[in-house]
Amino acid sequence: MSRPTVRIAAAAAGLALIATVASATSASATPATGSAVINESNAFFQQAAQAGIVAVPLPTATAGYDAGTGLSASFPVTGGTGGLRDFFGGVQLGGGLLFVDARTGSAVSFHQLSFSFEEWTVSAVPDGSTTPVALFDPAGNNALSYNGTTQHLSAESLVLDAAGAQYLDGKLHTTFFAAGQSVGSFAVTYTPAS
């Protein structure tokens with residue numbers, strides 16, 4: 001074997017070993033866990049219903065209802081980086097959201113939800129697109145807490161982002177949505193991968 005061939009073979013073997021170690025390391029690592037919960041207040045739910053608009057969580061998100069706090073949608077954490085304390089990184093969420101306007105017969109659905117710790121925004125990608133839309137922003141009093149490596153954010157208010165309001169109005173052919181409109185509240189519990 002010539003010297004260049006030996007070098008190429010050694011380099012290929014080294015890359016294969018690195019790939020195997022990286023694969024074994026990532027396979028044995030515990031993935032990020034947690035959930036993000038959007039609580040739709042009774043007030044917003046009633047306003048939306050009167051306008052003919054309904055928002056529904058899509059699998060793998062789950063829906064719930066509490067007479068005191070209203071409707072809720074819980075989205076599982078599927079990945080994440082960084083931390084709330086440092087306002088760095090964010091979490092990726094499973095499931096989706098469907099918005100329907102019964103009056104206009106229009107609908108729009110979103111997947112690839114995420115919450116950015118840096119931009120303090122819940123974004124999602126509309127089906128059929130690759131560009132995320134900023135939908136919601138935690139507002140009001142925000143409480144951060146930590147238990148070991150688990151991080152928790154509780155935001156007393158969740159408002160429509162200007163980009164999200166404009167996008168929803170355009171796709172649903174309505175004028176119901178407005179920037180800063182209060183939707184309800186928001187919470188995230190997140191344990192990074194280890």
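Residues numbered from 1 in each chain as written. Predicted model: local features only at pLDDT ≥ 70, side-chain atom pairs only at ≥ 80, totals over all residues. Heavy atoms only, no water.

Participant: Before we go on, may I ask you to explain the overall build of the chain in this structure?
Facilitator: Scanning the chain from terminus to terminus reveals 3 helices and 11 strands. Along the chain, from the amino end to the carboxyl end, the secondary structure elements read α-β-α-β-β-β-β-β-β-β-β-β-α-β. Within the span of the chain, comprising 194 residues, buried residues form 38% of the whole. Counting only contacts in the chain whose residues sit at least 6 apart along the sequence, the fraction spanning at least 24 positions is 58%. With an accessible surface of roughly 10100 Å², the chain has 59% of that area assigned to carbon and sulfur atoms. (Helix = DSSP H or I, 4+ residues; strand = E, 2+ residues; numbered from the N terminus. Buried < 20%, exposed > 50% of the residue type's maximum accessible area, 1.4 Å probe, protein only. Contact = heavy atoms within 4.5 Å. Areas by Shrake-Rupley, 256 points an atom, 1.4 Å probe, with all protein chains shown as cover.)

Participant: Can you walk me through the side chain of serine 157 in this structure?
Facilitator: Within the secondary structure, serine 157 sits in strand β10 (residues 150-160). When neighbours within four sequence positions are excluded, serine 157 is seen to be in contact with Asp137, Pro138, Ala139, Gly140, Ser182, Gly184 and Ser185.

Participant: Would you take a moment to explain the packing of aromatic side chains for this structure?
Facilitator: What describes a pair of aromatic rings is the distance from one ring centre to the other and the angle between the planes of the rings. Enumeration over the complete set of coordinates arrives at 10 aromatic pairs. With centroids separated by 5.9 Å and ring planes inclined at 90°, the aromatic side chains of phenylalanine 99 and phenylalanine 110 adopt a geometry described as edge-to-face. One end of the pair, phenylalanine 99, is in strand β6 (residues 96-101); the other, phenylalanine 110, is in strand β7 (residues 106-116), and 11 residues separate them in sequence. Here the two residues phenylalanine 99 and phenylalanine 110 agree in accessibility, since each one is buried. Between the NZ or CZ atom of arginine 85 and the centre of the ring of tyrosine 146, over which it lies, the distance is 3.7 Å. (Phe/Tyr/Trp six-rings, centres within 6.5 Å; stacked < 30°, edge-to-face > 60°. Lys NZ or Arg CZ within 6 Å of the ring centre and 35° of its normal.)

Participant: Just to check I follow, could you spell out the nonpolar core for this structure?
Facilitator: One recurring pattern in soluble globular proteins: nonpolar side chains tend to sit buried together. Counting 40 residues, the largest nonpolar core has Phe75, Phe99, Phe110, Phe115, Phe136, Phe177 and Phe186 as the members making the most contacts within it. The contact partners of phenylalanine 115, leaving out residues within four places of it in the chain, are Leu84, Gly90, Val91, Trp120, Thr121, Val122, Pro138, Leu153, Phe186 and Val188. (Core = buried A, V, L, I, M, F, W, Y, C linked by side-chain atoms within 4.5 Å.)

Participant: Is there a simple way to explain the pairing of β6 in this structure?
Facilitator: Note that strand β2 (residues 53-58) and β6 share 6 bridges and pair antiparallel. Residue pairing across strands places isoleucine 53 opposite aspartate 101, the latter belonging to β6. Sheet topology note: the β6/β7 ladder contains 5 bridges and is antiparallel. Considered in β7, the bridge of phenylalanine 99 is made with valine 108. A loop of 4 residues connects β6 with β7, the two strands running antiparallel in sequence, and glycine 105 in this loop sits at a positive phi of about 75°. (Pairing = 2+ DSSP bridges.)

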